[in-house]
Amino acid sequence: MKIKSICCIGAGYVGGPTMSVIAQKNPHIKVTVVDVNKERIAAWNDEDLSRLPIFEPGLDGVVDQARGRNLFFSTEVDEAIDESDMIFISVNTPTKTYGAGKGMAADLQFVELCARQIARVATSDKIVVEKSTLPVKTAEAIKDILDNTGNGIHFEILSNPEFLAEGTAIQDLHHPDRVLIGGEPTDSGQKAVEALAEIYASWVPKDQIITTNLWSSELSKLTANAFLAQRVSSINALTELCEKTGANIDEVANAIGTDSRIGSKFLKASVGFGGSCFQKDILNLVYICKSLGLNESADYWEQVILMNNHQRTRFANKIVKSLYGTVADKKITFFGWAFKKDTNDTRESAAIYIADKLIEEHAQVAAYDPKVSELQMQSDLNYLNTRSESENAQYLTSYHDPYQAAHGAHALAIITEWDEFKTYDWTLIYQNMNKPAFIFDGRNLLDKTKMQAIGFNYVGIGQ
Ligand code: NAD
Ligand code: UGA
């Protein structure tokens, strides 16, 4: 079966970049990315590539190459569904904020809506691909909806989870460690798997395309994120011990990471992991375990989240304690608001939680991030619902210039590891700060000796 046209529902951080690369590498396939969010689609269609809705290194070049040739962004969802052979569902699956499983289970309402819409609109056989991260066994529900509400046509369901990380999405998509495709063991199921594998084979070596059954594929995605987050929590779980004993966490990470069985990646101590997926996917895993009565397994994975919460709180408390027990009316400057460098995404960023705790202590938080707007920062803080929007606006100010942001501050907190922070004139920053001037380096990004030589009280993580 040769796929001639693809539709992707959801033009977000996954749908946008993934489909751009599929279109770039398969000029013979028409790829249409649709979304209900009109502004987002308009931004994807913006002539000025610096205004794409997602900041991702290298994305503009890929979009430039394929857009208008075989890559299209549209709000015409029904039309795109019906004219495609293969439909990717790449919508958001956040943690539920209501009802059963509130705060833990994945909210599947957007996925279900997609399934219902596909069933209603489709008039020819389709392959439906789960690109969103979903609880194991979701394909069963999707198939049920498609088969029972559809127009009598044949649907084949595949699971093809995405492993890209933000900030390196294009690199990850161009050179994936593996592509995972889960399908049904039937003849038509295996043909659908082959059809999708062929699309990836345009640029991914065949031996890196792994095929499994549907449930293994769905569960592998949750598990991959749980393992990655667990490594970050594991290294962070040693930072306090380092601080108490004189060991240095970066030295420890380097020493253990050189053991090829452990490996060097994902051992960077930090203020805690953020992003839209680690927390939500582990909570989902915990919820699934609990639902099946697997309480020990649930507790084991939940600890990864508890450690992460502790790391954020600990960082905020350390700032207050070091500043003589009070930050009331003191200007505390954040360098970075995004959850990691090279992205404008702030979902679940440690910055939000740390700012919230400092504002509880009446600190004046001044934030600078090269890619995050003031509006976004305010809305992140308001989303926590700790205090009124006007109070938040009173305590959180955003700056376009890092030197202005640091001017008159008592302390600087490095929240995101943006490369540009290393290139600043730190002597100038020091001169314009309140003394004694503190740096709380939540990423161990700066050179401790150099900062101390300038005059800063330098406080890193796990050192
Ligand atoms: P996102 O919020 O950036 O994008 C989702 C988009 O889907 C939104 O633009 C929304 O408007 C649209 N949408 C929702 N319902 C719709 C509907 N019925 N019809 C049309 N459009 C609809 O989310 P994301 O970060 O791209 O994540 C999508 C999925 O991919 C999630 O399941 C996530 O867990 C998974 N994932 C994300 C990443 C990542 O790095 N962000 C990586 C791997 C997997
Ligand atoms: C993560 C996974 O890495 C992707 O494989 C996965 O596809 C994605 O989740 C998803 O399912 O959404 P992402 O969240 O975009 O990607 O970014 P990561 O690079 O994994 O970083 C997550 C958080 O962990 C960041 O806040 C980062 O700063 C932090 N981190 C990462 C550390 O604190 N230390 C490390 O050593 C690594």
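The structure reproduced in this document is the subject of the present report.

How each quantity is defined
Residues numbered from 1 in each chain as written. Chains lettered and ligands numbered in written order. Predicted model: local features only at pLDDT ≥ 70, side-chain atom pairs only at ≥ 80, totals over all residues. Heavy atoms only, no water. Buried < 20%, exposed > 50% of the residue type's maximum accessible area, 1.4 Å probe, protein only. Helix = DSSP H or I, 4+ residues; strand = E, 2+ residues; numbered from the N terminus. Pairing = 2+ DSSP bridges. 1 Å grid on protein atoms, 1.4 Å probe; cavity = no way out; pocket = protein on both sides within 12 Å on 5 of 7 lines; lining within 4 Å. Points joined across faces, edges and corners; volume = space filled by probe spheres on them. Polar contact = N/O pair within 3.5 Å; in protein donor to acceptor, adjacent residues only side chain to side chain. Contact = heavy atoms within 4.5 Å. Near = heavy atom within 4 Å. Areas by Shrake-Rupley, 256 points an atom, 1.4 Å probe, with all protein chains shown as cover. Nonpolar A, V, L, I, M, F, W, Y, C, P; charged D, E, K, R; others polar. Salt bridge = Lys/Arg side-chain N within 4 Å of Asp/Glu carboxyl O. Expected span 1.5 Å × (residues − 1). Axes fitted to C-alpha atoms, helices over the stretch in contact; angles between N-to-C directions.

## As for the pairing of strand E11 (residues 396-399)
Moving on, step 1. Along E11, the buried face is formed by Leu396 and Ser398; none of Thr397 and Tyr399, which line the opposite face, is buried.
Moving on, step 2. Sheet topology note: the strand E10 (residues 364-368)/E11 ladder contains 4 bridges and is parallel. Its bridge partner lying in E11, Ala366 is registered against Thr397.

## With respect to empty space enclosed by the protein
Moving on, step 1. Applying the stated criterion across every chain, the model contains 1 cavity of 30 Å³ or more.
Moving on, step 2. Considering only enclosed or pocket space, the largest cavity measures out at about 40 Å³ in volume.
Moving on, step 3. In terms of lining residues, the largest cavity is bounded by Glu130, Ser132, Thr133, Leu134, Ser159, Pro161, Glu218 and Lys221.

## Thoughts on helix H1 (residues 15-25)
Moving on, step 1. For H1, the buried fraction is high: 10 of the 11 residues fall into the buried class.
Moving on, step 2. By the burial criterion, the buried members of H1 are Gly15, Gly16, Pro17, Thr18, Met19, Ser20, Val21, Ile22, Ala23 and Gln24.

## Let's talk about unusual backbone geometry
Among all residues save glycine, negative phi is the norm, and among peptide bonds the norm is trans.
Moving on, step 1. Residue Pro436 is bonded to the preceding Lys435 through a cis peptide linkage, with omega at -5°.
Moving on, step 2. Mapped onto the elements, Pro436 comes out in the loop between helix H18 (426-431) and strand E13 (438-441).
Moving on, step 3. At Tyr324, a residue that is not glycine, the phi angle is positive and equals roughly 65°.

## Quick notes on the side chain of Glu130
Moving on, step 1. One can find Glu130 in strand E5 (residues 126-130).
Moving on, step 2. Looking at Glu130, its side chain comes within polar contact range of the main-chain nitrogen of Ala139, at 3.1 Å.
Moving on, step 3. With residues near it in sequence (within four places) discarded, Glu130 still touches Ile89, Thr138, Ala139, Ile142, Ile157, Leu158, Ser159, Asn160, Pro161 and Glu218.

## Overview of the site of ligand 1
Moving on, step 1. Around ligand 1 lies a shell of 25 residues, among which Asp35, Arg40, Thr93, Glu166 and Lys280 are the nearest.
Moving on, step 2. One nitrogen or oxygen atom from the side chain of Asp35 is found 2.6 Å from an oxygen atom belonging to ligand 1.
Moving on, step 3. Between ligand 1 and Val36 there is a distance of 3.4 Å, counted from a nitrogen atom to a backbone nitrogen or oxygen.
Moving on, step 4. The protein chains hide 91% of the 840 Å² of surface that ligand 1 would expose on its own.
Moving on, step 5. Its residues assigned to classes, the shell around ligand 1 shows 9 nonpolar, 9 polar and 7 charged.

## Observations regarding the pattern of salt bridges
Moving on, step 1. Tallied over the full model, the rule gives 23 salt bridges.
Moving on, step 2. Between Lys2 and Glu198 there is a salt bridge, and its shortest N-O distance comes to 2.3 Å. One end of the pair, Lys2, is in the segment before strand E1 (5-9); the other, Glu198, is in helix H8 (residues 187-200), with 196 residues separating them in the sequence.
Moving on, step 3. A relative accessible area of 58% means that Lys2 is categorised as exposed.
Moving on, step 4. With relative accessibility at 38%, the residue Glu198 sits in the partly exposed group.
Moving on, step 5. The partner of Glu162 in a salt bridge is Lys131, with the nearest N and O atoms 2.9 Å apart. Here the residue Glu162 occupies a position in the loop between strand E6 (155-159) and helix H7 (169-174), and Lys131 occupies one in the loop between E5 and helix H6 (138-149), the gap between them amounting to 31 residues.

## Comments concerning the environment of Trp426
Moving on, step 1. Structurally, Trp426 is set in helix H18.
Moving on, step 2. As for Trp426 and Leu396, which are separated by 30 residues in sequence, their C-alpha atoms are 23 Å apart.
Moving on, step 3. Of note is the side chain of Trp426, whose polar atom sits 2.9 Å from the backbone oxygen of Phe421.

## Brief notes about the side chain of Ser217
Moving on, step 1. With respect to the helices and strands, the residue Ser217 is situated in helix H9 (residues 214-236).
Moving on, step 2. In this structure, Ser217 is in contact with Ser159, Asn160, Pro161, Leu180, Ile181, Gly182 and Thr212, ignoring residues within four places of it in sequence.

## Section: the site of ligand 2
Moving on, step 1. In the vicinity of ligand 2, 20 residues are found, and the nearest of them are Phe163, Leu164, Ser270, Cys277 and Arg443.
Moving on, step 2. A distance of 2.9 Å is found between an oxygen atom of ligand 2 and a backbone nitrogen or oxygen belonging to Gly274.
Moving on, step 3. With respect to ligand 2, the side chain of Arg443 contributes an N or O atom lying 2.7 Å from an oxygen atom.
Moving on, step 4. Burial of ligand 2 by the protein amounts to 90% of the accessible area it has alone, namely 700 Å².
Moving on, step 5. Here the element with the most residues in the shell around ligand 2 is H9; it accounts for 4 residues.
Moving on, step 6. Partitioning the shell around ligand 2 into residue classes produces 11 nonpolar, 3 polar and 6 charged.

## A word on H9
Moving on, step 1. With 23 residues, H9 extends 34 Å from end C-alpha to end C-alpha; this agrees with the ideal 33 Å at 1.5 Å per step.
Moving on, step 2. Put simply, Asn213 is the residue that caps the front of H9, since its side-chain oxygen is 2.9 Å from the backbone nitrogen of Trp215.

## Side note on the sheet that holds E11
Moving on, step 1. Judged by pairing direction, the sheet is parallel, and its 6 strands sit side by side in the order E11-E10-E9-E12-E13-E14 without closing on themselves. Edge positions in the sheet fall to E11 and strand E14 (457-459), since each of these pairs with one other strand and no more. Adjacent strand axes in the sheet meet at a mean angle of 20°, parallel and antiparallel pairs treated alike.
Moving on, step 2. Sitting on the sheet, helix H15 (residues 374-384) is in contact with E10 and E11, with an inclination near 155° to E11.

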